[in-house]
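Topology and contacts: notes
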Amino acid sequence: MAQRQRYLFVCTNRRADDDAKGSCSVRGSEEIRAALKEQVAARGLAKLGARVCKSSCLDQCSSGVCILVEPDHFFYGRVTLADVPEIVEALASGQRVERLVLTSEDLTRG
Ligand code: FES
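As the structure is a prediction and not an experimental result, all values here were calculated from the model.

Judged by pairing direction, the sheet is mixed, and its four strands sit side by side in the order β2-β1-β3-β4 without closing on themselves. The strands lining the two open edges of the sheet, one partner per strand, are β2 (50-55) and β4 (74-76). On average, each strand axis in the sheet is tilted by 25 degrees relative to the strand beside it, whichever way the strands run. Those strands touched by helix α1 (residues 29-42) are β1 (6-11), β2 and β3 (67-70), and its axis lies near 165 degrees from that of β2. Here helix α2 (residues 84-92) sits on the sheet and contacts β1, β2, β3 and β4; the angle it forms with β1, its principal contact strand, is near 160 degrees.

All right, on to the nonpolar core then. L8, L36, I67, Y76 and I87 are the most contacted members of the largest nonpolar core, which totals 30 residues. Those elements that place two or more of their residues in this core are β1, α1, β2, β3, β4 and α2. Among the elements that take part in this core, α2 stands out by supplying five residues, more than any other. Contact partners of I87, with chain neighbours within four places excluded, come to L8, L36, I67, Y76, V79, V97 and L100.

Here we come to the pattern of salt bridges. According to the stated counting rule, one finds nine salt bridges in the structure shown. Notably, a salt bridge pairs E89 with R43, separated by 2.6 Å at the nearest N-O pair. Placement of the pair is E89 in helix α2 and R43 in the loop between α1 and β2, with a sequence separation of 46 residues. Residue classification places E89 among the partly exposed positions, given a relative accessible area of 41%. The class for R43 is partly exposed, based on a relative accessible area of 41%. Between R99 and E86 there is a salt bridge whose closest N-O contact spans 2.6 Å. One end of the pair, R99, is in the loop between α2 and α3 (104-109); the other, E86, is in helix α2, with 13 residues separating them in the sequence. Its relative accessible area of 55% is what places R99 among the exposed residues.

Omega for the bond connecting G64 with V65 falls within 30 degrees of zero, at 5 degrees, which places this linkage in the cis form. By secondary structure assignment, the location of V65 is in the loop between β2 and β3. With omega at 10 degrees, the peptide bond leading from E70 into P71 counts as cis. Even without a glycine there, the phi angle at D59 is positive, about 65 degrees. With respect to the helices, strands and loops of the structure, D59 is situated in the loop between β2 and β3. A positive phi angle, near 55 degrees, is found at R78, a position not held by glycine.

About the criteria used
- Residues numbered from 1 in each chain as written.
- Predicted model: local features only at pLDDT ≥ 70, side-chain atom pairs only at ≥ 80, totals over all residues.
- Heavy atoms only, no water.
- Pairing = 2+ DSSP bridges.
- Helix = DSSP H or I, 4+ residues; strand = E, 2+ residues; numbered from the N terminus.
- Axes fitted to C-alpha atoms, helices over the stretch in contact; angles between N-to-C directions.
- Contact = heavy atoms within 4.5 Å.
- Core = buried A, V, L, I, M, F, W, Y, C linked by side-chain atoms within 4.5 Å.
- Buried < 20%, exposed > 50% of the residue type's maximum accessible area, 1.4 Å probe, protein only.
- Salt bridge = Lys/Arg side-chain N within 4 Å of Asp/Glu carboxyl O.

Here's what the structure looks like:
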């Protein structure tokens, strides 16, 4: 298979529902990953544009649901299902959804 322009690593780590740290899976990351995969394919981006992958914990738990975008090397955070169309649209146009990009302050919180 061809190398894609971008890889989206969606954290699907799951901790117990009552774990104080929380986890992306408990916040709905599995559904978000599935919707991203479906919409990336529907937009014709799956073969060359972008590959949506599962990831273990990206150590940005307080900002979950968290997605690492490579090779651009930035994180989306606090992603919800409602954000998926905007993320896919940004992928298609080679841009990013700035309001979801984690800041350096977010990243130091972890
Ligand atoms: S559980 Fe998703 S970043 Fe840690």
